[in-house]
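Structural overview
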Amino acid sequence: ADTFPYVGFTIDPEKTPIMLESGWNWIGFTPKNNLQIQEAMASLNMTTGDIIKSQFEFAQFDASLGWVGNLVWMEPDQGYMLYKNNADTLYYPKSSNALPAVPSLAKRSKTSNDTIPEAIWDLNANKYQTNMTITGSLEPDTAGKIDPANAVAAFVGKEVRGLARPQYIPALDNYRLFMLVYGKPDENIEFKIWDADQDIVYRCRENVRFESNRVLGSAKEALEFTKEPLRPGDKGYVPDEYSLSQNFPNPFNPITKIGFGVPEKAEISVKVYNLLGQEIKTLAHKTFKPGYRYLVWNGRNNNGKRVTSGIYLVVMTARGKRNFRQVRKVALLK
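Since the structure is predicted, the reported quantities are computational estimates derived from the model, not experimental observations. (Residues numbered from 1 in each chain as written. Predicted model: local features only at pLDDT ≥ 70, side-chain atom pairs only at ≥ 80, totals over all residues. Heavy atoms only, no water.)

**Notes on the overall build of the chain**
Test applied: Counting from the N terminus, the helices are DSSP H or I runs at least four residues long and the strands are E runs at least two residues long. Restricting the calculation to C-alpha atoms gives the radius of gyration, and the globule rule supplies 2.2 Å times the number of residues raised to the power 0.38. Under the scheme applied here, a residue whose accessible area is under 20% of the maximum for its type counts as buried, over 50% as exposed, and between as partly exposed, the area being computed with a 1.4 Å probe on protein chains only. What makes two residues a contact is simply this: any of their non-hydrogen atoms within 4.5 Å. Here the accessible surface of atoms and residues is derived via Shrake-Rupley with a 1.4 Å probe, and residues count as covered only by protein chains that are part of the display.
Across its full length, the chain holds one helix and 25 strands. Relative to the globule expectation of 20 Å for 334 residues, the C-alpha radius of gyration of the chain, 28 Å, shows a markedly less compact shape. Relative to its full complement of 334 residues, the chain shows a buried share of 44%. By sequence separation, contacts in the chain at least 24 residues apart represent 66% of the contacts at least 6 residues apart. Accessible surface computed for the chain: about 18700 Å², of which carbon and sulfur atoms make up 48%.

**Points about the side chain of Arg176**
Quick note on the threshold: His residues and chain termini do not enter the charge count, which takes Lys and Arg as positive and Asp and Glu as negative. Salt bridges are defined as contacts in which a side-chain nitrogen from Lys or Arg sits within 4 Å of a carboxyl oxygen from Asp or Glu.
Summarising the element assignment, Arg176 is placed in strand β14 (residues 174-183). For Arg176, which is buried and forms no salt bridge, the nearest opposite charge comes from Glu224, at a distance of 8.7 Å. Not counting chain neighbours up to four residues away, the residues in contact with Arg176 comprise Thr135, Gly136, Ser137, Arg165, Pro166, Gln167, Ile169, Ser218, Ala219 and Ala222.

**Some points on unusual backbone geometry**
Here the amide bond leading from Phe248 into Pro249 is cis, since omega sits at -5°, within 30 degrees of zero. Structurally, Pro249 is set in the loop between β19 (243-244) and β20 (256-262). Each neighbour pair has its own omega, and for Asn250 with Pro251 the value is 0°, a cis peptide bond. Within the fold, Pro251 resides in the loop between β19 and β20. A positive phi angle, near 70°, is found at Asp77, a position not held by glycine.

**Quick look at the sheet that holds strand β12 (residues 159-164)**
Let me state the cut-off plainly: Strand pairing is defined by DSSP finding a minimum of two bridges between the two strands. Note on definitions: angles span 0 to 180 degrees between N-to-C directions of axes, and those axes are lines fitted to C-alpha atoms, for helices only across the stretch in contact.
Taking strand neighbours across the sheet as the criterion, the four strands line up as β12-β11-β15-β16 in an open arrangement whose pairing is antiparallel. Every interior strand has two partners, whereas the edge strands, β12 and β16 (200-209), have only one. On average, each strand axis in the sheet is inclined to that of its neighbour by 30°, with strand direction left out of account. As judged from the five bridges shared by strand β11 (residues 151-156) and strand β15 (residues 188-195), these two strands associate in the antiparallel manner. Within the sheet, the bridge partner assigned to Ala153 lies in β15 and is Lys192.

Okay, here's the thing in structure tokens:
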């Protein structure tokens, strides 16, 4: 981090034209006060598909909707990239407005609405040289609503490369996501959805290839993010049937993990027996709520002593609305 000092002379924005070519243009912002996008760009002949972005936010122009996006204010001392379908000349207006711009999601640590919880992911946009824009939408919940507290994040592996929350667009009477995704050429971008109310993370079916300055989706034709069904081990996953999974690793030494599914509230018993039918270890014996759980066996018996190498039987029984019993063989090696 550093501060870049500069010197110069005050200019009159109204008398200082900025020549724009067809395609992408880097532009500065010469007025002394913040201006809303529609006011700052008023001198231009905008067409559908034109787009402006800062390092953290962007907005698209639609002939019937105007500017749509999470970039609402242009600010002094900031730089912007402007895509124009046609060459044009920009003249910024003078303005007496001096309202502060709303900080972007990428730059703020807390939301501006205290009723909306902070997103569970953090994004450091300053690590990346290039970005692309995505205008997306979310599936409504079972009640036909979209929760503005939910969030969508873009990932390369485990690294967060983009973050957005639903924003209500009055002209559409619907919500849209405006996400800048940061990356390197040809990286595969995957997405996850956070259900804030349930605190559950879903994988998305969609994935895209990163391309610098690529534009995906628009307000009217948004890229829809759809949830993948939860899998065993995911928070919130509830199986349809009882199940006892094969332990992993198997054979094992000295620790192994055993998964089991519970579709209803029930009394569950998971025990380890030797081949003579003698109980070696009680791993669980209590009431479980619906979900998918894991237990760990460290190769010791109920007295805390290590057992000998060999084959053992893991037995799961359930007493609920439906009774269940299943056995798995596990092998301990030393």
